[in-house]
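Results of the structural survey
So you can see what is in the structure, the chains are spelled out below.
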Amino acid sequence: MDELTLTLLVIFVLLIASAFFSGSETALTAVSRPAMHQLEQDGSHRAKRVNRLIATRDRLIGALLLGNNMVNILASSLATGAMVALFGDAGIAYATIGMTVIVVMFGEVLPKTYAIYNVNKVALFVSGPVTVVTELLGPLVKAIEVVARLFFRLFGAKYATDVSIETAMMELRGAIEVHTSQDEVQEERRMLRSILELGDVEVGEVMTHRKSTITIDADLPPAEIVDQILGSPFTRIPLWRGDADNIIGVVHAKDVLRAVRALGGELDSLDVAELAADPWFIPDSTTLLEQLQAFRARREHFALVVDEYGALMGVVTLEDILEEIVGDIADEHDVTVAGVRPQTDGSFVVDGSVTIRDLNRQFEWRLPDDQATTIAGLLLHESRQIPNVGQVFRFYGFRFEVVRRQRNQITTIRILPPSTVVEE
């Protein structure tokens, strides 16, 4: 084998090494950490190596860049020497042009393109060789890190920052939203998004308002109280005495039925107030995450929501929080309430009491819910008035038309989303 053939063979091997370093860098920097973590939990040794490598990402990048530059420079030097031997001084230009095209195409573009479309597969495949390379080049990479840190400090820049909880949550939200075009995971995306928002939503936004709750006067005759309990779709009912805001306890329908049976049906001697549990009051500013943890800690499913003045605002249950994650959970005793009715023209006739969060979650809208909880409240907030029937407003790209109003309360609104709004 002559010297030129040997040189070309060495250059070919170096180009393969260059492609390996380029593809490994792309794969290991873009690899899915959740996927690798799950594979490691399932017993994959290659995934374990990948996780060890990306745990020290600065050292990994340093080793790969060092190795890549070494083989590229060496290949270019050998090619220049071979071309000078063949063509004289003109060989320098030939080698520069030729190696630039070859290195860019076969050492950079092709391996990186393949790696970016097969990230996890390539990362697992190269984890072993890259681990060996990082060990061999470790001392030199450490020296480079020291120099890099000195330069960062010289210019007052941070070399590395810890990942904050806000950054981690943002990454999770981004990972969920990146799949918005896939209809088959739409329901899963809604649930995951709701879980991440539990710490941002207050119980006042999901509670059952006091006007929709059922409370019972504890001073009523026992028979009438039992009739109201049996006629209610709820199992836990607040009792009040003297004033509707004076809640003295929460009675469970099952406890009442047990007491009725124990008395042999003699309701005159039944004292429902004695069967009631102590009421649990919580402020309306409590977040759903805090309330969910409180429900679990107290082993209770029912709480009374009060405002800053101590006035009763409504009730919140464990089911309310779960429905915030998985959607409405209806059983045979629930009262079905019509809330949203799609129209043939693409609009929606919506009850004013429907919450903005439910609309956003159902139709992938982005209506703000920081100033108002219900769609009627949003219309009042944005219009700064109590509109009349037939009035039309445009906010956030939507068209709102007041369809029905009862006294000062907006009860029905027609909404046209941005995709169906036309200029008048």
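As the structure is a prediction and not an experimental result, all values here were calculated from the model. (Residues numbered from 1 in each chain as written. Predicted model: local features only at pLDDT ≥ 70, side-chain atom pairs only at ≥ 80, totals over all residues. Heavy atoms only, no water.)

What to know about the sheet that holds strand 3 (residues 236–241)
- A sheet is described by the order of its strands in space; here 3 strands give the open sequence 2-3-4, paired in mixed fashion. Because the sheet does not close on itself, it has two edges, and the strands there are strand 2 (216–217) and strand 4 (243–252).
- When strand 3 meets strand 4, the two strands line up antiparallel, connected through 6 bridges. Along strand 4, the bridge assignment pairs Arg236 with His252. (Pairing = 2+ DSSP bridges. Helix = DSSP H or I, 4+ residues; strand = E, 2+ residues; numbered from the N terminus.)

Focus: unusual backbone geometry
- One non-glycine residue, Tyr396, lies in the positive phi region at around 55°.
- Tracing the backbone through its elements, the reader meets Tyr396 in the loop between strand 10 (392–395) and strand 11 (398–406).
- The partly exposed category is assigned to Tyr396, whose relative accessible area is 45%. (Buried < 20%, exposed > 50% of the residue type's maximum accessible area, 1.4 Å probe, protein only.)

Some remarks on helix 14 (residues 318–326)
- Buried within helix 14 we find Asp320, Ile321, Glu323, Glu324 and Ile325.
- Against the buried residues of helix 14 lie helix 9 (186–196), strand 1 (208–209), helix 13 (288–298), strand 7 (312–317) and helix 15 (356–363). (Contact = heavy atoms within 4.5 Å.)

Some remarks on the packing of aromatic side chains
- Tallied over the entire structure, the rule returns 9 aromatic pairs.
- Centre to centre, the rings of Phe348 and Phe363 are 4.5 Å apart; their planes meet at 45°, and the pair counts as tilted. Taken together, the residues Phe348 in strand 9 (residues 348–351) and Phe363 in helix 15 connect sequence positions 15 residues apart.
- Relative accessible area serves as the criterion here: at 24%, Phe363 is assigned to the partly exposed category.
- When the ring of Phe393 is compared with that of Phe395, the centres are 5.9 Å apart and the planes differ by 10°; the resulting orientation is stacked.
- Exposure remark for Phe395: the relative accessible area of 16% places this residue in the buried category.
- Taken together, the ring pairs in this structure connect Phe348, Phe363, Trp365, Phe393, Phe395, Phe398 and Phe400 into an aromatic cluster.
- Over the aromatic face of Trp280 sits the side chain of Arg298, whose NZ or CZ is 4.0 Å from the ring centroid. (Phe/Tyr/Trp six-rings, centres within 6.5 Å; stacked < 30°, edge-to-face > 60°. Lys NZ or Arg CZ within 6 Å of the ring centre and 35° of its normal.)

Overview of the pattern of salt bridges
- Counted by the stated rule, this structure contains 7 salt bridges.
- We note a salt bridge from Arg258 to Asp255, for which the minimum N-O separation is 3.1 Å. Of the two residues, Arg258 and Asp255 are both situated in helix 11 (residues 253–262); the distance of 3 residues between them amounts to about one turn of the helix. (Salt bridge = Lys/Arg side-chain N within 4 Å of Asp/Glu carboxyl O.)

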